[in-house]
Amino acid sequence: MGVGGLAALGTYKWVEGTMEKDYPRSMKETFDATMEAARRLNLKISSEPLLTPSESKILASTQDGTDVKVELLARPNEITTVKIRFGMMGNIDYSAYFHRQIMRTLGMPEAP
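What comes next concerns the included structure. Residue numbers restart at each chain and count upward from 1, following the sequence in its written direction. Only residues with pLDDT of 70 or above have their local features reported here, since the model is predicted, and side-chain atom pairs are shown and tallied only from 80 upward, although totals for entire chains, interfaces and linings are computed over all residues. Heavy atoms from the whole structure form the basis of all side-chain values; hydrogens and water molecules are not counted.

A pair of Phe, Tyr and Trp rings is counted when the ring centres sit within 6.5 Å of each other, with Trp represented by its six-membered ring. The angle between the planes then sorts it: under 30 degrees is stacked, over 60 is edge-to-face, the rest tilted. Tallied over the entire structure, the rule returns two aromatic pairs. Here F86 and Y94 contribute two aromatic rings whose centre-to-centre distance is 5.5 Å and whose plane-to-plane angle is 50 degrees, an arrangement assigned as tilted. Each residue gets one of three labels from its accessible area relative to the maximum for its type: buried under 20%, exposed over 50%, partly exposed in between, using a 1.4 Å probe on protein chains only. When its relative accessible area of 51% is taken as the criterion, Y94 is described as exposed. The interplanar angle of 70 degrees and the centroid separation of 6.3 Å between the aromatic rings of F86 and F98 together place this pair among those described as edge-to-face. Taken together, the positions of F86 in strand β7 (residues 79–86) and F98 in helix α3 (residues 92–106) put the pair 12 residues apart, joining distant regions of the chain. Helix numbers and strand numbers start at the N terminus; a helix is a DSSP run of H or I with at least 4 residues, a strand a run of E with at least 2.

Here we take up the pattern of salt bridges. By definition here, a salt bridge exists when the distance from a side-chain nitrogen of Lys or Arg to a carboxyl oxygen of Asp or Glu is within 4 Å. For the structure on display, the rule yields seven salt bridges. The shortest N-O distance in the salt bridge between E36 and R40 comes to 3.5 Å. Placement of the pair is E36 and R40 together in helix α2 (residues 27–40), with a separation of four residues, close to one helical turn. Bridged by salt links that share partners, the residues E36, R39 and R40 form one connected network.

On to the pairing of β7. The buried fraction of β7 is high, at six of eight residues. Of the pairings in the sheet, the one linking strand β2 (residues 18–23) to β7 comprises five bridges and is antiparallel in character. Pairing of M19 across the sheet is with I84, part of β7. Strands qualify as paired when DSSP identifies two bridges or more between them.

Let's shift gears to the nonpolar core. In plain words, nonpolar cores are sets of buried Ala, Val, Leu, Ile, Met, Phe, Trp, Tyr and Cys residues tied together by side-chain atoms within 4.5 Å. Ranked by size, the top nonpolar core spans 20 residues in total, and within it V70, F98 and I102 carry the most contacts. Sorting elements by how many residues they give to this core places α2 first, with five residues. Residues count as neighbours in contact if any of their non-hydrogen atoms are within 4.5 Å of one another. Leaving out residues up to four positions away in the same chain, F98 has contacts with T34, A37, A38, L41, L43, V68, V70, I84 and F86.

The next point concerns the packing of α2 against α3. A fitted line through C-alpha atoms serves as each axis, taken over the contacting stretch for helices, and the angle formed by two N-to-C directions is quoted from 0 to 180°. α3 packs onto α2 with a crossing angle of 120 degrees between their chain directions and a minimal axis gap of 8 Å. It follows from the interaxial angle that α2 and α3 lie oblique. Crossing angle aside, the handedness with which α2 passes α3 is right-handed. Across the interface between the two elements, E29, A33, T34, E36, A37, A38 and R40 from α2 touch F98, Q101, I102, R104, T105 and L106 from α3. Amino acid classes used here: Ala, Val, Leu, Ile, Met, Phe, Trp, Tyr, Cys and Pro are nonpolar; Asp, Glu, Lys and Arg are charged; the rest, including Gly, are polar. For the contact of α2 with α3, the class distribution of residues is six nonpolar, three polar and four charged. For classification purposes, an angle smaller than 35 degrees is called roughly parallel, one larger than 145 roughly antiparallel, one from 65 to 115 roughly perpendicular, and anything else oblique. Definitions for this section: a left-handed crossing has its near helix turned counterclockwise from the far helix by less than a right angle. A right-handed crossing has that turn clockwise.

In structure tokens form, the structure reads like this:
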């Protein structure tokens, strides 16, 4: 992977209330890290998480009842995109904090 590709992995993308980030890890490893991050954030999983080789979903809620939706998409070259949305409009701070917890679980340096 070139330098440009590695730089893109370190950035967040905020799209209409959903924060996306690419992780240089397999779907299973990223899914497990996301579930661990949800546990650390005391999120209540509201339905059975879906894990497939190409796409995964986690529906949860915060202690105050805010819905949290997480989607994982497998990309080529063992890259997984994680999309996080808190509530109807999204919350950039909570979403970034959730991503930092995923990075911590994966042993990656936390991006700003």
